[in-house]
Amino acid sequence: MRRALFLFVLSAVGLALACESSSETNPEPDGDGIHPQPQPNRRAATFTAPCTATGCGEAPESLTSPKCKPLPAECGWTDEGSVSFRPCDESECGVAPGSEVCPEGTLFRGNTCGSENEAACAWNTACAPPRSTTPCADPAGCGPMPAIGVICEDGGNGELACMKLDTRCDWQRTCD
């Protein structure tokens, strides 16, 4: 019994020392080894039917993932994410909207028929700015290139390029 207790205490101390030494040899990342994923341009937005860019106006710059959706009184902008999303049959959403929903200068990226947070089924339309055609003068401004694969809509492989997006440089796909 004593021997078993001694072995238990010895293994617990050994485990504690191993954990302590590993935290010293593997410190928390200081940001140098972190490769951020490309972020969408701030002007990308989602519209939930019956809301449109005309009804919502311009998205506030303070929102990182702007969504224009029916609020209690009228359509408005929110940065709230979905708590839940359930796909619906397209017939439950009615006629699918097209590019007329999107603000000028953005491209229609598609619709999804679904129920957000157990609300009625509605079309959610994604609109995004076109890809930038202006390379950054200093590619180092994008930071290290993320190690991700880029698959184009046609099924081919694309790449990432350091491009000017609004007032900053960031990694962008080379294909849609």
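Above this note sits the structure.
Asker: How should the side chain of E116 be read in this particular structure?
Answerer: Structurally, E116 can be placed in strand β5 (residues 107-116). Among the polar contacts made by the side chain of E116, one reaches the side chain of K67 at a distance of 2.6 Å.

Asker: Is there a simple way to think about the state of the cysteines in this case?
Answerer: Disulfides are covalent bonds that link the sulfur atoms of two cysteine residues. The tally for this structure, following the rule as stated, stands at 8 disulfides. With a sulfur-sulfur separation of 2.1 Å, C142 is cross-linked through a disulfide to C162. Its torsion about the S-S bond being 90°, the disulfide of C142 and C162 is classed as right-handed. Placement of the pair is C142 in the loop between β6 (122-128) and β7 (150-151) and C162 in strand β9 (residues 160-165), with a sequence separation of 20 residues. On the basis of relative accessibility, which here comes to 11%, the residue C142 falls in the buried class. Between the sulfur of C152 and that of C175 lies a disulfide, 1.8 Å long from S to S. Taking the torsion about the S-S bond as the criterion, the C152 to C175 disulfide, at about -90°, is left-handed. You can see C152 sitting in the loop between β7 and β8 (157-158) and its partner C175 sitting in the segment after β10 (168-173), a full 23 residues away along the chain.

Basis of the calculations
- Residues numbered from 1 in each chain as written.
- Predicted model: local features only at pLDDT ≥ 70, side-chain atom pairs only at ≥ 80, totals over all residues.
- Heavy atoms only, no water.
- Helix = DSSP H or I, 4+ residues; strand = E, 2+ residues; numbered from the N terminus.
- Polar contact = N/O pair within 3.5 Å; in protein donor to acceptor, adjacent residues only side chain to side chain.
- Disulfide = S-S within 2.5 Å.
- Buried < 20%, exposed > 50% of the residue type's maximum accessible area, 1.4 Å probe, protein only.

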